[in-house]
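# Observations on the three-dimensional arrangement
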Protein chains: 2
Amino acid sequence: MASTQIRFGILGCADIARKLARAIALAPNATITALGSRSLEKAKKFAADNNFPAEAKVYGSYDAVLDDADVDAVYIPLPTSLHVRWVIAAAEKKKHVLLEKPVALNVPEFDRIVAACESAGVQLMDGTMWMHHPRTAKMREFLSDSERFGQLKSVHTIFSFAVSPDFLANDIRVKPDLDALGALGDVGWYCVRAILFAMDYELPKIVTASCDPVFNEAGVILSCGASLKWEDGKVATFQCSFLSHLTMDITAIGTKGTLHVHDFVVPFQEHVALFSASSNAGFNDLVTGWVPSPSEHTVMTILPQEAQMVKEFSSLVASIQTGSKPEKKWPTLSRKTQLILDTVKASIEKGFEPVEVLP
Amino acid sequence: MASTQIRFGILGCADIARKLARAIALAPNATITALGSRSLEKAKKFAADNNFPAEAKVYGSYDAVLDDADVDAVYIPLPTSLHVRWVIAAAEKKKHVLLEKPVALNVPEFDRIVAACESAGVQLMDGTMWMHHPRTAKMREFLSDSERFGQLKSVHTIFSFAVSPDFLANDIRVKPDLDALGALGDVGWYCVRAILFAMDYELPKIVTASCDPVFNEAGVILSCGASLKWEDGKVATFQCSFLSHLTMDITAIGTKGTLHVHDFVVPFQEHVALFSASSNAGFNDLVTGWVPSPSEHTVMTILPQEAQMVKEFSSLVASIQTGSKPEKKWPTLSRKTQLILDTVKASIEKGFEPVEVLP
């Protein structure tokens, strides 16, 4: 058992790292070995507050974590503008990298990240937790079913939450020097990933930003949306916002079925998640009701989705330690997601003109 | 009781008239008095098949219904291109008019319809049944609640159903000389009305059609969408289609709440309907669940929504018969809906340019 425990270091004391620290503790094949912060005091308090193992090391720098030979992999929840520097530094020290989203400020930056990880032979995966929920696999089964869902025609996704005045003033996600993509990089990332998921990761041909983005005074996006178009006529839309009530929807419509999920990023409850599927529905004779009605699908999970993610990542790292190559699927999905974000941003900058997606 | 029974004539044997004939029979203040079709045989069969009262008269023309002094009101489910002619003819004979949607091919046509009805002092109401479901009033309560829903930010509506090859070849809704607005006039009408409903009937300032409409060979819209923008930043989108699986969604997002309904046009079941409301939702401490979760609201109705509509219409007619003026609310809502359809069409014709809504 001990030989398959992947030993994690965490860079920084971001709020989201509390959730990941718990996930690492819950995952059967991972353990927390080290935490680094620019402030040793802050790191000590964070470790104590979050039930780190007694033997976990606490450092006053990120470099110290990367220099620790007992660390196999690092979780990097730093602001996006720091990703290139610290992922490259981690890769050079042969640390596998679990990286928060958005993975980079743009695709060229992400390509530098990927090149460093490939060159070092380390696994790279982004922190899109919902991808690892067993519900997601069940939704894939439905979307892939030619009898129950048919051919996909359109996907509509929404992720919003109404942030506090303090968030609007101080959060890193509204600061141009830290997370310059704002709501597009944060909540928009999930919307775009969900669209790509439903489209089985086929890239759209054209992206057109909606002509209604909201920016803060520093020019960071607080709310935006876009429509995406595929060569064969499939379409998608998304809306992401820091200014509207908590909403996280996927609506996927095929020729024979419809999928609805209203909590795709963070399930309402941790151990049980639902989605609604409607198949081959029509009306009764007088059009006063549906035949059949949609059905609710319930998916249980003992490990929460973020622990499933850590487990999957750690399992890939363990394989690499015994001679396998890194799994390219994950950085490929990250890059496609980042590419769409870049294209939405380009369309906004071009006055909401349609922009071609150039892989 | 007998004196408050509004006596209906029906023009034509459209499929939807079967549903309305039952609704008239169910409504406590309405009765079927006459049916007219261009074919007397067809009218006789329709009356027999649909359990018309034995005393109901059956005619071989629409004019005969309008000439019948026992008819107070007519239900007109004729193809849209015939609406101007037959509503004006009905109004001239002082018949109140319950008119299927879309009410006209464009606003100037509808203005002629309204002028005729106003001049004759008769009630005009369109056949948007879901407006009369008690669920709709409950949804309004939620949307109007400054504590539970806050300020409306965006609305997204979808209505699609995947039609048969026979429909694509023969249905009046894909024929340029009958229902030239195609899917926009049929399913799109409901999407637009739902957006206006959520916006409390405030008109948007700008409408931009999505750059992905599908047309049939005759140039009739089979699928389209649009985004709408209000002066104060509120936004809406809709998607309507004859080519995707049955879906009918309203998603309305405010600053403090979210409304979801998945069967807004025709409830899954006739006597009980649901909507989901989420209010002041956030995450638990580690962002592994929602606090609180959304709640389901159940609304019962003994009379199906189409009978509620007939009842409301008949009640207005009864008031007019005792001296009241026609209720202008209903033609005003019809005109706003038609105006948005016209603007979407204009945007499509202008190559998906944003088009100003000119009331």
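Calculation notes
Residues numbered from 1 in each chain as written. Chains lettered and ligands numbered in written order. Predicted model: local features only at pLDDT ≥ 70, side-chain atom pairs only at ≥ 80, totals over all residues. Heavy atoms only, no water. Least-squares fit on C-alpha atoms with pLDDT ≥ 70 in both. Phe/Tyr/Trp six-rings, centres within 6.5 Å; stacked < 30°, edge-to-face > 60°. Helix = DSSP H or I, 4+ residues; strand = E, 2+ residues; numbered from the N terminus. Buried < 20%, exposed > 50% of the residue type's maximum accessible area, 1.4 Å probe, protein only. Salt bridge = Lys/Arg side-chain N within 4 Å of Asp/Glu carboxyl O. Expected span 1.5 Å × (residues − 1). UniProt positions renumbered as here; feature names shortened; annotations may be inferred. Domains from an automatic or database assignment. Contact = heavy atoms within 4.5 Å. Buried area = accessible area lost by both parts, 1.4 Å probe. Polar contact = N/O pair within 3.5 Å; in protein donor to acceptor, adjacent residues only side chain to side chain. Nonpolar A, V, L, I, M, F, W, Y, C, P; charged D, E, K, R; others polar.

## Concerning the relation of the copies chain A and chain B
Each of the two chain copies can be brought onto the other by rotation about an axis and movement along it. Each copy of the sequence occupies a distinct position, and chain A is placed on chain B by a rotation of 180° and an axial shift of 0.0 Å, giving an RMSD of 0.0 Å. The superposition of one copy onto the other is thereby described by a two-fold rotation axis.

## Some details on the packing of aromatic side chains
As enumerated under the stated definition, the model contains 26 aromatic pairs over all chains in all. Here F167 of chain A and F242 of chain A contribute two aromatic rings whose centre-to-centre distance is 5.0 Å and whose plane-to-plane angle is 70°, an arrangement assigned as edge-to-face. Here F167 of chain A is found in helix α7 (residues 165-170), whereas its partner F242 of chain A is found in the loop between β11 (235-241) and β12 (247-254), with 75 residues between them in sequence. Look at F167 of chain A and you get buried, because its relative accessible area is 9%. For F242 of chain A, a relative accessible area of 0% translates into the label buried. Between F46 of chain B and F52 of chain B the ring centres are 5.9 Å apart and the planes differ by 90°, which places this aromatic pair in the edge-to-face class. In this structure, F46 of chain B and F52 of chain B share a single accessibility class: buried.

## Comments concerning the environment of L82 of chain A
Mapped onto the elements, L82 of chain A comes out in the loop between β4 (73-76) and α4 (83-92). L82 of chain A gets classed as partly exposed once you look at its relative accessible area, which sits at 29%.

## Focus: the pattern of salt bridges
All names here are of chain A. Within the structure shown, the criterion is met by 48 salt bridges over all chains. Taking the shortest distance from any N to any O, the salt bridge between D15 and R18 comes out at 3.4 Å. D15 sits in the exposed class, given a relative accessible area of 57%. K45 is paired through a salt bridge with D49; the nearest N and O atoms lie 2.6 Å apart. One end of the pair, K45, and the other, D49, are both in helix α2 (residues 40-49), four residues apart, so they sit about a helical turn from each other. For D49, a relative accessible area of 47% puts it in the partly exposed group. Each of R7, K57, D68, D70 and D72 takes part in a single network of salt bridges with overlapping partners.

## Looking at helix α9 (residues 187-198) of chain A
Residue and element names in this part refer to chain A. In this model, α9 (twelve residues) spans 17 Å end to end at C-alpha, consistent with the 16 Å of a helix rising 1.5 Å per residue. Within α9, twelve of the twelve residues are buried, which leaves the element mostly enclosed by the surrounding structure. Within α9, burial applies to V187, G188, W189, Y190, C191, V192, R193, A194, I195, L196, F197 and A198. D200 sits one or two positions beyond α9 and adopts a positive phi of about 55°.

## Regarding the environment of G254 of chain A
With respect to the helices, strands and loops of the structure, G254 of chain A is situated in strand β12. Note: C-alpha distance between G254 of chain A and F149 of chain A (105 residues apart in sequence) is 5.5 Å.

## Regarding the UniProt feature "domain: GFO/IDH/MocA-like oxidoreductase" (unreviewed entry) in chain A
The feature "domain: GFO/IDH/MocA-like oxidoreductase" (unreviewed entry), as annotated in UniProt, sits at residues 144-259 of chain A in this numbering. Overall, residues 144-259 of chain A shows 19% helix and 36% strand. The separation of its end C-alpha atoms is 12 Å.

## Re the domain arrangement of chain A
Residue and element names in this part refer to chain A. For chain A, the domain assignment lists domain 1 (2-130) and domain 2 (133-304 + 338-356). The C-alpha centroid of domain 2 is placed 28 Å from the C-alpha centroid of domain 1. Between domain 1 and domain 2, the contact holds 19 residues from the first and 25 residues from the second. Surface buried jointly by domain 1 and domain 2 totals about 1800 Å² across both partners, of which 60% is contributed by carbon and sulfur atoms. Linking domain 1 with domain 2 are three salt bridges, by the criterion used here. Between D186 and K101 there is a salt bridge whose closest N-O contact spans 2.8 Å. Inspection of the region where domain 1 meets domain 2 yields twelve residue pairs in polar contact (both at pLDDT 80 or more). Within the residue set of the side of domain 1 that touches domain 2, elements represented by two or more residues are α1 (16-26) and α5 (107-120). Per-class residue counts for the side of domain 1 that touches domain 2 are eleven nonpolar, four polar and four charged.

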